[in-house]
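A look at the structure
Here is what each chain is made of, one letter per residue.
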Amino acid sequence: MEFTVMTYNIQSGRNLAQDRNIAHAISAIQKESPDILSLNEVQHCTELCPEGKCQAQAVAEALGYPYFHFGRSIDFMGGEYGNALLSRFPLQEVQVFPVPDIPKEKRDGWFESRSHLRCRLDLGGREIFTLTSHYGLSQEEIQNAVLETLRLAGETELPLIFMGDLNEKPDSPLLAPLFSVFTDSAEEMEGPGFTYPSDPPCEKIDYLFHKNGIRTLKAWIPETTHSDHRPFCARLAL
């Protein structure tokens, strides 16, 4: 079975010029039409959401995704902020797992609590798990997030996809434990896999990993400035 997956930091609907409109993200996603869509920096029913809707709901309604779930990381502007998973396959189980916060004395002005969104999907009688996360910026935050990713991934032997903005480059020792457990879909593409900033990208900080019987058929990065990140896409097979 083959399917297309996208991971995308949508910057709360802002494009590179900082114009806030969820239509920017919708346009970029529509061109690739992924079967499974992982989103970072999603606003849920905040003061900035059109008609008070969750941004994930707005994307789902615009593009016809029958299943979606928002996963809270923090409270924000009268609503919530975090990650989301949209799918053309039924969601059988959904859970949100907070990443343990670092001590207050180690936090700086860029600190925010983080989380993992874990979903179990039914792909026509075959089940897989997805994990979506957006790692913090400091070394201690990333260390905590990596440990939580590995813990959650180790709880199942089902095929699993882990994706998101990890805020570290592939050669970082902080991410080394992930590369020892998962396969990076970027291994199947030509070029360095840069996703940030979106014009022109010079860093790879967005990832689409997998394990337990999933393989990458191809991977690509669409050219778009509908966010400050470019999306990362992969065609996968079970």
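For the structure given in this document, a descriptive report is provided here. Residue positions within a chain follow its written sequence, with the count starting from 1. At least 70 in pLDDT is required for a residue's local features to be given in this predicted model, at least 80 for side-chain atom pairs to be given and counted, and no such filter applies to totals for whole chains, interfaces and linings, which use all residues. The basis for every side-chain value is the complete set of non-hydrogen atoms in the structure, without hydrogens or water.

Some words on the state of the cysteines
- The criterion for a disulfide is a pair of cysteine sulfur atoms lying within 2.5 Å. Throughout the structure, instances matching the rule amount to zero disulfides.
- Free cysteine Cys54: the closest other cysteine sulfur is in Cys45, separated by 5.9 Å.
- Cysteine Cys202 is unpaired, with the sulfur of Cys233 as its nearest cysteine sulfur at 20 Å.
- With relative accessibility at 48%, the residue Cys202 sits in the partly exposed group. Only protein chains enter the accessibility calculation, which uses a 1.4 Å probe. A residue is then buried if its area is under 20% of the maximum for its type, exposed if over 50%, and partly exposed in between.

Notes on the packing of aromatic side chains
- Under the pairing criterion, centres of Phe, Tyr and Trp rings, with the six-membered ring standing for Trp, must be within 6.5 Å; the plane angle then separates stacked pairs below 30 degrees from edge-to-face pairs above 60, leaving the rest tilted. Enumeration according to the criterion identifies nine aromatic pairs in this entry.
- Pairwise contacts between aromatic rings join Tyr135, Phe162, Phe179, Phe182, Tyr207 and Phe209 into one cluster.
- Sitting over the face of the ring of Trp220, Lys218 holds its NZ or CZ atom 5.0 Å from the ring centroid. Geometrically, a charge over a ring is one whose NZ (Lys) or CZ (Arg) sits within 6 Å of the ring centre while staying within 35 degrees of the ring normal.

Here we look at the pairing of strand β8 (residues 160–165)
- Helix numbers and strand numbers start at the N terminus; a helix is a DSSP run of H or I with at least 4 residues, a strand a run of E with at least 2. β8 sits mainly inside the fold: six of its six residues count as buried.
- Relative to β8, strand β7 (residues 126–134) runs parallel, the two being bridged by six bridges. Residue His134 lies in a different strand from β8, and its bridge partner there is Asp165.
- Crossover handedness for the path β7 to helix α3 (residues 139–153) to β8: right-handed.
- If DSSP finds at least two bridges between two strands, the strands pair. Pairing analysis gives six bridges linking β8 to strand β10 (residues 206–211), with the strands arranged antiparallel. Across the sheet, the residue bridging to Asp165 is Asp206, located in β10. Here a crossover is taken to be right-handed if, once the strands point away from the viewer, the path from the first strand over the helix to the second is traced clockwise.

A short note on the sheet that holds strand β5 (residues 91–98)
- Spatially, β5-β6-β7-β8-β10-β9 is the arrangement adopted by the six strands of the open sheet, whose pairing is mixed. Looking at the sheet topology across the chains shown, the edges are occupied by β5 and β9 (183–184).
- Examined bridge by bridge, β5 and strand β6 (residues 115–123) share seven bridges and lie antiparallel to one another. Considered in β6, the bridge of Leu91 is made with Leu121.
- Contacts from α3 reach β5, β6, β7, β8 and β10 within the one sheet, and its direction differs from that of β6 by about 25°. Two residues form a contact once any of their heavy atoms are found within 4.5 Å. Lines fitted to the C-alpha atoms define the axes, with helices restricted to the stretch that makes contact. Angles between their N-to-C directions range from 0 to 180 degrees.

Observations concerning the side chain of Glu141
- As for its placement among the helices and strands, Glu141 is situated in helix α3.
- We count Lys and Arg on the positive side and Asp and Glu on the negative side, and we leave His and both chain ends out. The rule for a salt bridge is simple: a side-chain nitrogen of Lys or Arg has to be within 4 Å of a carboxyl oxygen of Asp or Glu. Arg114 provides the closest opposite charge to the buried, salt-bridge-free Glu141, at an N-O distance of 4.4 Å.
- In the analysis that follows, any N or O atom pair within 3.5 Å is treated as a polar contact, provided that within protein one partner can donate a hydrogen and the other can accept it, and provided that, for residues neighboring in sequence, both atoms belong to side chains. Polar contacts involving the side chain of Glu141 include one to the side chain of Ser138, which spans 3.0 Å.
- Residues within four places of Glu141 in sequence aside, it is in contact with Ile102, Phe111, Glu112, Arg114 and Gly136.

Section: the pattern of salt bridges
- For the structure on display, the rule yields 14 salt bridges.
- Arg72 serves as the salt-bridge partner of Glu80, at 3.8 Å between the closest nitrogen and oxygen.
- Here Glu80 falls in the partly exposed class, since its relative accessible area comes to 24%.
- Among the ionic contacts, a cluster of salt bridges with common partners joins Arg118, Glu148, Arg151 and Glu155.

Topic: the environment of Arg126
- Mapped onto the elements, Arg126 comes out in strand β7.
- Look at Arg126 and you get partly exposed, because its relative accessible area is 42%.
- Along the backbone, Arg126 and Met1 are 125 residues apart, and their C-alpha atoms lie at a distance of 9.3 Å.
- Residues contacting Arg126, with those up to four places away along its chain left out, are Met1, Leu121 and Leu238.

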